[in-house]
Amino acid sequence: MTSQFQVPTTNLTAWRLKIGEDSHGQHKWVYLHDEKQREEWPQNNTEKYWLGLEVDVPELPKAKTPYEAAKNGLKFYRELQSDDGHFATEYGGPLFLIPGLVIGLHVCGRQLTPEQSKEMIRYLLNKRRKEGGWGLHTAAPPTVYGTVMNYVALRILGMGPDEGPMTEIRALIHEMGGATSIPSWGKVWLSILGVYDWDGVGSVPPELWLLPDWAPFAPWRWWIHVRNVFTPMSYLYGTRFVGPYTPLIFALRQELYVEPYESIKWSAQRTNVNPIDVYSPHHPVLDTLHGLLAYYEACPSIPCFSSALPLRKAALRRVYQIVTYEDENTGYQTIGPVSKAFNMVVRFAKEGPESDAFKAHLSRIDDFLWLSKDGLMMTGTNGSQLWDLAFMAQAAVETGLAYEDENKESVKGMLRWLDEAQMRENPKHYIAGYRHRTKGAWGFSTKEQNYTVSDCAAEGLKAAMTIQSLPYVTKTIGLDRMRDTVDTLLSMQNPSGGFASYELQRGSTKMEWLNAAEVFGNIMVDYEYPECTTSVLSALKYFSKLDPSYRPDEIENTVDRAIKWIHSVQRPDGSWYGSWGICFTYATMFALESLSIAGETCGNSERVRRACQFLVKHQMEDGGWGETYMSCVNMEYAQHEHSQVVQTAWVVLSLIYAQYDDKSVIERAVKLIMDRQRPDGRWEQEDTEGVFNKNCAIDYPGE
Ligand code: LAN
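All values derive from a computational prediction rather than experimental measurement.

*Asks:* If you had to explain the overall build of the protein chain to someone new, which residues and values would you point to?
*Replies:* The helix and strand inventory of the protein chain stands at 25 helices and eight strands. Taking 2.2 N^0.38 as the reference for a compact globule, 703 residues should give roughly 27 Å; the C-alpha atoms of the protein chain span a radius of gyration of 25 Å, in line with that estimate. Expressed along its principal axes, the backbone C-alpha trace of the protein chain runs to roughly 75 × 60 × 50 Å. Residue burial in the protein chain is summarised as follows: out of 703 residues, 63% are buried. Sequence-distant contacts in the protein chain: of pairs separated by 6 or more residues, those separated by 24 or more amount to 71%.

*Asks:* Please give an account of the nonpolar core that cites residues and values.
*Replies:* In this structure, Leu 190, Leu 256, Ile 467 and Phe 520 are the most contacted members of the largest nonpolar core, which totals 218 residues. Of all the elements, helix α6 (residues 144–156) adds the most residues to this core, at nine residues. Excluding residues that lie within four positions of it along the chain, Leu 256 makes contacts with Val 148, Tyr 151, Val 152, Ile 173, His 174, Gly 178, Ala 179 and Val 195.

*Asks:* Explain a nonpolar patch on the surface to me, using residue names and the numbers behind them.
*Replies:* Together, Leu 211, Phe 217 and Trp 513 make up a nonpolar patch on the protein surface, roughly 230 Å² of accessible area in all. With respect to the helices and strands, the residue Leu 211 is situated in the loop between α8 (184–193) and α9 (224–238). Given a relative accessible area of 32%, Leu 211 falls into the partly exposed group.

*Asks:* Give a description of the pairing of strand β4 (residues 375–378) that names residues and reports values.
*Replies:* Both strand β3 (residues 369–372) and β4 contribute to a ladder of four bridges, which runs antiparallel. For Leu 369, the partnering residue across the bridge sits in β4 and is Met 378. The turn joining β3 and β4, which pair antiparallel and follow one another in sequence, is formed by two residues.

*Asks:* An account of the site of the ligand is needed here, citing residue identities and associated values.
*Replies:* Neighbouring residues of the ligand: 21 residues in total, closest Tyr 91, His 225, Phe 444, Asp 455 and Phe 692. Computed on the free molecule, the ligand has an accessible area of 620 Å², of which 98% lies beneath the protein chains in the complex. Broken down by secondary-structure element, the contributors of at least two residues to the shell around the ligand are α9 and α17 (454–468). Residue classes in the shell around the ligand are distributed as 16 nonpolar, four polar and one charged.

*Asks:* Would you mind going over the packing of helix α4 (residues 98–107) against helix α13 (residues 337–351) in detail, with residue names and values included?
*Replies:* The contact between α4 and α13 brings their axes to 9 Å, and the two run at 10°. Relative to α13, the element α4 lies roughly parallel. Here Gly 100, Leu 101, Gly 104, Leu 105 and Val 107 of α4 come into contact with α13, specifically with Ala 341, Met 344, Val 345 and Phe 348.

*Asks:* Go over the pattern of salt bridges, please, and point to the residues and values.
*Replies:* Enumeration over the complete set of coordinates arrives at 40 salt bridges. Close ionic contact of Lys 428 with Glu 328 constitutes a salt bridge, the shortest N to O distance being 3.3 Å. Taken together, the positions of Lys 428 in the loop between α16 (405–421) and α17 and Glu 328 in helix α12 (residues 308–329) put the pair 100 residues apart, joining distant regions of the chain. When its relative accessible area of 61% is taken as the criterion, Lys 428 is described as exposed. Of the residues examined, Glu 328 reaches a relative accessible area of 31% and is grouped as partly exposed. Beyond isolated ion pairs, a larger network of salt bridges with shared partners links Glu 207, Arg 240, Glu 297 and Arg 312.

*Asks:* Break down the domain arrangement of the protein chain for me, citing the residues and quoting the values.
*Replies:* What the domain assignment reports for the protein chain is domain 1 (64–86 + 383–569), domain 2 (96–378) and domain 3 (570–702). One C-alpha centre belongs to domain 2, the other to domain 3, and the line joining them spans 37 Å. Between domain 2 and domain 3, the residue contacts involve nine residues of the former and 12 residues of the latter. Here domain 2 is connected to domain 3 by zero salt bridges. Linking domain 2 to domain 3 there are two residue pairs in polar contact (both at pLDDT 80 or more). Within the side of domain 2 that touches domain 3, the residues separate by chemical class into seven nonpolar, two polar and no charged.

*Asks:* Tell me what's going on with the packing of aromatic side chains, and back it up with residues and numbers.
*Replies:* Applying the stated criterion across every chain, the model contains 36 aromatic pairs. Ring geometry for Tyr 245 against Phe 250: centres 6.1 Å apart, planes inclined by 35°, an arrangement best described as tilted. You can call Tyr 245 partly exposed: its relative accessible area is 48%. Phe 250 sits in the partly exposed class, given a relative accessible area of 41%. Cluster of aromatic residues (ring-pair linked, three or more members): Trp 29, Tyr 49, Trp 50, Phe 76 and Trp 370. Here the guanidinium or amino end of Lys 408 rests over the ring plane of Tyr 472, the centre of that ring lying 4.9 Å away. The lysine or arginine in question, Arg 435, covers the ring of Tyr 451, its NZ or CZ lying 3.6 Å from the ring centre.

*Asks:* For the side chain of Ser 579, give the residues involved together with the corresponding values.
*Replies:* The residue Ser 579 is located in the loop between α20 (552–568) and α21 (584–597) in this model. Aside from chain neighbours lying at most four places away, what touches Ser 579 is Tyr 529, Glu 531, Val 691 and Phe 692.

*Asks:* Give a detailed account of the state of the cysteines, specifying residues and quantitative values.
*Replies:* Where two cysteines share a covalent bond between their sulfur atoms, that bond is called a disulfide. Enumeration according to the criterion identifies zero disulfides in this entry. Looking at the unpaired Cys 583, the closest cysteine sulfur is the one in Cys 632, lying at 3.4 Å.

*Asks:* Mind laying out helix α11 (residues 284–298), listing which residues take part and the relevant values?
*Replies:* Residues spaced three or four apart along an α-helix face the same direction, because each turn holds 3.6 residues. With 15 residues, α11 should reach 21 Å at 1.5 Å per residue; the first-to-last C-alpha distance of 21 Å fits that figure. Turning to α11, its buried residues number three or more, namely Leu 286, His 290 and Glu 297.

*Asks:* So what about the environment of Glu 503? Which residues, and what values?
*Replies:* Along the chain, Glu 503 falls in the loop between α18 (479–490) and α19 (530–546). When its relative accessible area of 3% is taken as the criterion, Glu 503 is described as buried. Separated by 66 residues in the primary sequence, Glu 503 and Arg 437 place their C-alpha atoms 8.8 Å from one another. If sequence neighbours within four positions are ignored, Glu 503 has contacts with Trp 222, Ile 224, Arg 227, Tyr 434, His 436, Met 492 and Asp 526. Looking at Glu 503, its side chain comes within polar contact range of the side chain of Arg 506, at 3.4 Å.

*Asks:* Tell me what's going on with the side chain of Thr 89, and back it up with residues and numbers.
*Replies:* Mapped onto the fold, Thr 89 is located in the loop between α3 (66–78) and α4. Given a relative accessible area of 2%, Thr 89 falls into the buried group. Only 3.3 Å separates the side chain of Thr 89 from the side chain of Ser 384, close enough to count as a polar contact. For Thr 89, the contacting residues outside a window of four places in its chain are His 27, Trp 50, Tyr 77, Trp 370, Ser 384, Asp 388 and Gly 702.

Scoring rules and cut-offs
- Residues numbered from 1 in each chain as written.
- Predicted model: local features only at pLDDT ≥ 70, side-chain atom pairs only at ≥ 80, totals over all residues.
- Heavy atoms only, no water.
- Helix = DSSP H or I, 4+ residues; strand = E, 2+ residues; numbered from the N terminus.
- Rg over C-alpha atoms; globule rule 2.2 N^0.38 Å.
- Buried < 20%, exposed > 50% of the residue type's maximum accessible area, 1.4 Å probe, protein only.
- Contact = heavy atoms within 4.5 Å.
- Core = buried A, V, L, I, M, F, W, Y, C linked by side-chain atoms within 4.5 Å.
- Patch = residues over 30% accessible without salt bridge, like charges linked within 9 Å, V, L, I, M, F, W, Y side chains within 5 Å.
- Areas by Shrake-Rupley, 256 points an atom, 1.4 Å probe, with all protein chains shown as cover.
- Salt bridge = Lys/Arg side-chain N within 4 Å of Asp/Glu carboxyl O.
- Pairing = 2+ DSSP bridges.
- Near = heavy atom within 4 Å.
- Nonpolar A, V, L, I, M, F, W, Y, C, P; charged D, E, K, R; others polar.
- Axes fitted to C-alpha atoms, helices over the stretch in contact; angles between N-to-C directions.
- Parallel < 35°, antiparallel > 145°, perpendicular 65-115°, else oblique.
- Domains from an automatic or database assignment.
- Polar contact = N/O pair within 3.5 Å; in protein donor to acceptor, adjacent residues only side chain to side chain.
- Phe/Tyr/Trp six-rings, centres within 6.5 Å; stacked < 30°, edge-to-face > 60°.
- Lys NZ or Arg CZ within 6 Å of the ring centre and 35° of its normal.
- Disulfide = S-S within 2.5 Å.
- Expected span 1.5 Å × (residues − 1).

Okay, structure coming up:
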């Protein structure tokens with residue numbers, strides 16, 4: 001079977017990337033069926049590059065100095081800039097996103113286009129690991145969650161049960177004991193599809209949204225991503241939503257389990273999670289609560305307790321309202337890909353297939369789909385537009401490349417995009433939706449996505465300030481608008497002095513007791529991070545030079561407290577733990593930037609020397625650095641077998657911030673970076689460099 005099987009593919013030269021005009025920075029890959037249309041709208045270098053086709057760029061003279069290498073790099077990257085000024089990039093890695101969308105569409109009676117489906121199948125098959133299945137992300141070994149969910153996705157996308165590698169994948173699922181022990185988010189999606197029983201899912205009670213705001217465990221205090229997943233999930237759980245029972249559902253019930261479906265004792269599955277999947281085991285508090293809630297959930301079937309029903313109804317009304325706030329605040333994209341699929345199903349379940357809300361959801365699916373050389377993926381967010389651009393802008397100015405005539409138009413383009421991407425108002429449902437202020441902020445991706453992220457707002461502001469320092473640009477972002485950003489940044493400092501990601505830390509870290517998503521760590525509340533803290537304090541510091549009269553005392557005080565917090569989280573070995581990039585190399589770079597702003601360098605600071613010793617100790621023989629995502633998982637430095645250009649560059653920056661005096665260390669690293677540059681100026685994507693929730697790697701190929 002396997003030998004005859006042809007992985008489906010489409011004509012890659014027929015795909016185009018449409019960049020949104022009204023919704024600024026929006027990405028939408030479209031397939032042009034018509035030859036004439038393709039001629040009229042030829043493929044550009046951005047499309048060719050991301051599809052792995054040959055890019056139309058010259059070979060450049062080999063760089064002899066680091067400056068020339070950077071210049072060649074920007075010359076190449078400029079080719080990937082969109083007309084609106086931003087750089088559209090792919091953003092993949094997680095492998096639990098496609099199945100949610102595919103199941104979500106299936107239960108709503110919808111499908112992707114035939115071309116999208118083919119490319120998605122190609123992606124999943126390309127990302128299958130040599131062990132036979134999929135893990136939580138592309139760099140991890142297979143788990144029940146990854147393998148079952150992606151197997152189901154392939155079946156829905158049209159693969160037959162014995163087509164190609166499907167028999168082998170199913171054998172692996174059976175070897176792992178079948179789908180009964182899938183982690184909780186998998187249990188929920190399979191129940192929605194009708195191939196698991198809601199009785200096997202630990203309670204996801206919408207009633208939590210009826211708790212008063214002062215309650216210590218009230219959901220508005222949870223980390224924004226978890227809150228936005230929990231909310232629609234609790235609606236679907238509370239209504240026990242199940243999609244239509246198609247023949248495929250009955251087939252999957254046979255395929256996914258080692259025992260007959262009808263014989264499975266569902267209530268025993270609530271705590272059954274395969275150990276190979278578990279990163280954060282359930283806390284006994286959660287299991288006890290679930291045990292108690294099981295009685296509550298059984299109420300409707302026990303007449304004397306049916307008084308619980310009005311409570312559930314009220315809770316569902318409340319939860320539905322919160323779902324609509326999120327949809328309306330984000331142009332129906334929601335904060336991310338998981339909530340996107342859940343919210344879409346909720347709106348379908350409540351308002352039906354013809355409703356405006358459901359149709360609006362359908363119209364914003366493409367924002368999360370990216371066609372890569374390996375096929376069609378679902379992205380971690382609707383892009384990383386601001387994040388990529390903000391660093392590129394600062395690098396262009398700080399290296400001096402922005403002063404080169406050949407780069408001026410590109411730099412002006414970046415400012416044009418920044419100007420459009422700043423959020424000028426607070427969200428539509430600001431107070432009622434428990435949102436943090438957005439006025440003046442930039443988010444990680446687009447303005448329309450509409451979420452402040454502390455470091456994105458800060459890096460956006462830094463990018464605007466640096467570009468506007470150039471003599472040839474018109475200062476389109478005035479001081480008033482920068483003051484709005486500063487107001488937002490100042491509103492985000494936690495009592496500890498550190499900055500979290502999207503909001504203040506709104507509740508106790510004991511909330512982790514309720515973490516029911518076994519595959520992620522530290523997700524229940526927002527935590528302070530050296531990365532976010534550094535971005536904010538550096539932005540405030542630069543701003544205070546530009547506009548010394550604006551809130552000077554508060555800025556100074558905020559920066560001082562932030563530095564103290566950075567001090568407080570240095571580890572005894574000199575490093576800092578990174579939560580968004582891999583890992584110690586990433587966070588140590590940020591922390592050393594902070595300390596250099598506070599005037600601390602190797603010459604005068606023991607802690608900076610300790611940090612440098614840590615970094616230098618890990619330099620590899622070839623002069624580079626390489627760390628794997630396992631550092632983030634285990635909180636211990638995990639050496640990569642190969643050095644990585646990106647991490648090597650992070651360390652070079654770190655050592656420069658620290659004014660490290662042994663220049664030979666830096667020179668060897670820079671030589672490695674230069675040697676890895678390709679003749680057209682690009683650097684290839686090597687291993688993954690990003691991470692989230694301690695356990696999931698994510699790629700940043702644009703950086
Ligand atoms: C991101 C990507 C960017 C990242 C940085 C700006 C780098 C960071 O400094 C702050 C946090 C942030 C914005 C971040 C938070 C979590 C995200 C959105 C992601 C890692 C991208 C994908 C991830 C999201 C949670 C994925 C969906 C999965 C769930 C568990 C809901």
